[in-house]
Amino acid sequence: MTVPILPTAELHLHIEGTLEPELAFALAARNGVRLRAADVAELRRAYAFSDLESFLDLYYELTAVLRQPRDFTDLAEAYLTRAAAQGVRHAEVFVDPQAHLSRGVPLEAVFEGLAAAFVGAEERHGISVRLIACFLRDRDPAEAEALLPRLLPYRDLVIGVGLDSAEVGRPPELFEQVFARAADEGLHRVAHAGEEGPPEYVRSALDRLGVERVDHGIRSLEDPSLTARLREEQIALTVCPLSNVALRAVPELGAHPLRRMLDAGLLATVNSDDPAYFGGYLHDNMTAVTRALGLTREERLRLAANSFRASFLPEADKQRHLAALEAVQAG
Ligand code: HPA
Ligand code: ZN
């Protein structure tokens, strides 16, 4: 059975994680960058991971092909084309500025390149896009603090800050100061927590960083009082099923906690994380969990509605998207 595509908001998508092997080689050729893999097939074979860190090693290595503004534009355009075909109507896209600054690529190249694709994406692809700049938690928090003011000139596009990269041993509270400053600036705040790290990291992200949404958060279910809080406060969780299996946070899709999250009344959403690496874009994730967990049509509609509710869209836009979903439901 094919699973129908629903209009959805994508809330957990790293633009660097949309780099398909074919584009990686094309950009490597454009920029005279040598890749370790000899060809696309060999690179694809390297996409077998044992955990988050083993993935991040390759993810950061391949950013070497992104050098000029037009590289970022091409990357973003390729994502928009794929996302549009999978029902995405709004995307809050993560970018890792430090991964580029540390290689000598200026911030302007990253944001000007992305803006060339993302500004006007609604007219060209039917997808509104905003950016969330993530701090790398395995680097010095002082670096994040220095980065924050440099993001402010891009506020038309950058609506918030996030926290990603290797989680274990890097608890959210290390970034309390920079998140407080981001809040003062009126930026939205999210953080990866409870992907590999313990439920305490989810609590810390909520209490110390003031996050409005938790990325992954799957280990929250290990803690009943945290689970009760997430339900009562209806804190959104951006769940990425294919990612969790690829990085072995979950042994197999049939054991994915999404089913239990829905049953517990949590505001869960389905997202694609790093689709080029983990085997699929948003609807591919939805199809895979539908099959593995036996999701009903009502549950898929609920997940799609959750995605708009959990977005940072203005209320009127949320209502417009929810009305479009209701029209699908009625049809
Ligand atoms: N987790 C943490 N950091 C990341 C991820 C992820 O899934 N993808 C890209 N950076
Ligand atoms: Zn992620």
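Structure's up top.
None of the values given here were measured: they were computed from a predicted structure. (Residues numbered from 1 in each chain as written. Chains lettered and ligands numbered in written order. Predicted model: local features only at pLDDT ≥ 70, side-chain atom pairs only at ≥ 80, totals over all residues. Heavy atoms only, no water.)

J.: Help me out: how do you make sense of the sheet that holds strand 1 (residues 8-14) in this one?
T.: The strands that make up a sheet are held in pairs by hydrogen bonds between backbone atoms, and each pair lies either parallel or antiparallel. The parallel open sheet is built from eight strands, whose spatial order is 1-2-3-4-5-6-7-8. For this open sheet the edge positions go to strand 1 and strand 8 (267-270), each flanked by a neighbour on one side alone. Geometrically, the sheet is characterised by an average inter-axis angle of 25 degrees between neighbouring strands, direction not taken into account. Sheet topology note: the strand 1/strand 2 (residues 88-95) ladder contains five bridges and is parallel. Its bridge partner being in strand 2, Thr-8 is matched across the sheet by Val-88. Across the sheet, helix 4 (residues 69-85) touches strand 1, strand 2 and strand 3 (128-136), and the angle it forms with strand 2 is around 145 degrees. Seen against the sheet, helix 16 (residues 297-309) touches strand 1, strand 2 and strand 8 and runs at an angle of roughly 100 degrees to strand 8. (Pairing = 2+ DSSP bridges. Helix = DSSP H or I, 4+ residues; strand = E, 2+ residues; numbered from the N terminus. Axes fitted to C-alpha atoms, helices over the stretch in contact; angles between N-to-C directions. Contact = heavy atoms within 4.5 Å.)

J.: I would appreciate a short explanation of the pairing of strand 2 in the present structure.
T.: Every other side chain in a regular strand lies on the same face of the sheet, so the side chains alternate between the two faces. Burial of strand 2 is extensive: seven of the eight residues sit out of reach of the surface. Bridge count for strand 2 against strand 3 is six bridges, and the pairing is parallel. Looking at strand 3, one finds that Phe-94 is bridged to Ile-132. (Buried < 20%, exposed > 50% of the residue type's maximum accessible area, 1.4 Å probe, protein only.)

J.: Mind showing me how you'd approach the packing of helix 4 against helix 6 (residues 107-118) here?
T.: To characterise two packed helices, one gives the angle between the axes of the helices and the distance between these axes. Following both chains from N to C, one finds helix 4 and helix 6 inclined at 35 degrees, their axes separated by 7 Å at the closest point. Of the two possible hands of crossing, helix 4 and helix 6 adopt the one that is right-handed. Mapping the contact onto sequence places Pro-69, Phe-72, Thr-73, Ala-76, Glu-77 and Leu-80 in helix 4 and Ala-109, Val-110, Gly-113, Leu-114, Ala-116, Ala-117 and Phe-118 in helix 6. Residue classes in the contact of helix 4 with helix 6 are distributed as ten nonpolar, two polar and one charged. (Left-handed = near helix turned anticlockwise from the far one by under 90°. Nonpolar A, V, L, I, M, F, W, Y, C, P; charged D, E, K, R; others polar.)

J.: Even after reading the chapter, I still don't get the environment of Leu-58, so can you show me in this structure?
T.: Position of Leu-58 among the secondary structure elements: in helix 3 (residues 52-62). Residue classification places Leu-58 among the buried positions, given a relative accessible area of 9%. In this structure, the C-alpha to C-alpha distance between Leu-58 and Val-250, residues 192 residues apart in sequence, is 20 Å. Beyond its immediate sequence surroundings of up to four residues, Leu-58 is in contact with Leu-43, Ala-46, Tyr-47, Phe-49 and Tyr-277.

J.: Even after reading the chapter, I still don't get the side chain of Arg-189, so can you show me in this structure?
T.: Along the chain, Arg-189 falls in strand 5 (residues 188-193). Relative accessible area serves as the criterion here: at 17%, Arg-189 is assigned to the buried category. Within polar-contact distance, the side chain of Arg-189 engages the backbone oxygen of Leu-187 at 3.4 Å. Discounting chain neighbours no more than four positions away, the residues touching Arg-189 are Val-161, Phe-179, Ala-182, Ala-183, Leu-209, Gly-210, Val-211, Glu-212 and Arg-213. (Polar contact = N/O pair within 3.5 Å; in protein donor to acceptor, adjacent residues only side chain to side chain.)

J.: Would you mind showing me how to read the packing of helix 10 (residues 199-207) against helix 11 (residues 224-233) here?
T.: Packing of helix 10 against helix 11 brings their axes to within 10 Å, and their N-to-C directions diverge by 40 degrees. Considering their axes alone, helix 10 and helix 11 lie oblique with respect to each other. Judged by the twist between their axes, the crossing of helix 10 over helix 11 is left-handed. In this structure, helix 10 contributes Pro-199, Val-202, Arg-203, Leu-206 and Asp-207 to the contact, and helix 11 contributes Ser-225, Leu-226, Arg-229 and Leu-230. Across the contact of helix 10 with helix 11, the residue classes break down as five nonpolar, one polar and three charged. (Parallel < 35°, antiparallel > 145°, perpendicular 65-115°, else oblique.)

J.: Would you take a moment to explain helix 16 for this structure?
T.: Spacing of three or four residues puts side chains on the same side of an α-helix, whose turn is 3.6 residues. In this model, helix 16 (13 residues) spans 18 Å end to end at C-alpha, consistent with the 18 Å of a helix rising 1.5 Å per residue. Among the residues of helix 16, Glu-299, Arg-300, Leu-301, Leu-303, Ala-304, Ala-305, Asn-306, Ser-307 and Phe-308 are the ones counted as buried. Along its buried surface, helix 16 packs onto strand 1, strand 2, helix 13 (258-263), strand 8, helix 15 (282-293) and helix 17 (315-330). (Expected span 1.5 Å × (residues − 1).)

J.: Before we go on, may I ask you to explain the coordination of the zinc ion (ligand 2) in this structure?
T.: For a metal with four donors in a tetrahedral arrangement, the ideal angle between donors is 109.5 degrees, while six donors in an octahedron ideally sit at 90 or 180 degrees. The protein atoms donating to the zinc ion (ligand 2) are His-12 (NE2), His-14 (NE2), His-192 (NE2) and Asp-273 (OD), with metal-donor distances spanning 2.1 to 2.2 Å. Coordination at the zinc ion (ligand 2) is irregular: its four donor atoms span angles of 83 to 174 degrees at the metal. Mapped onto the sequence, the donors of the zinc ion (ligand 2) take the spacing H-x1-H-x177-H-x80-D. Of the residues examined, His-12 reaches a relative accessible area of 0% and is grouped as buried. (Donors = N, O, S within 2.8 Å, 3.2 Å for Na, K, Ca; no water. Tetrahedral: all angles 85-135°; square planar, octahedral: opposite > 155°, others 65-115°.)

J.: Would you mind going over the site of ligand 1 with me for this structure?
T.: Every residue near ligand 1 is listed here: His-14, Leu-52, Phe-55, Leu-56, Tyr-59, Asp-164, Ser-165, His-192, Glu-195, His-216, Asp-273 and Asp-274. Here Ser-165 contributes a backbone N or O atom positioned 2.8 Å from a nitrogen atom of ligand 1. Between ligand 1 and the protein, one listed contact pairs a nitrogen atom with a side-chain N or O atom of Glu-195 at 2.8 Å. For ligand 1, the protein covers 100% of the area, taking 260 Å² as the surface of the free molecule. Residue contributions to the shell around ligand 1 peak at four residues, all from helix 3. Classifying every residue of the shell around ligand 1 gives four nonpolar, four polar and four charged. (Near = heavy atom within 4 Å. Areas by Shrake-Rupley, 256 points an atom, 1.4 Å probe, with all protein chains shown as cover.)

J.: How should the pairing of strand 3 be read in this particular structure?
T.: With eight of its nine residues buried, strand 3 lies for the most part within the structure. Relative to strand 4 (residues 158-164), strand 3 runs parallel, the two being bridged by six bridges. When the sheet's bridge partners are listed, Phe-135 is paired in strand 4 with Leu-163.

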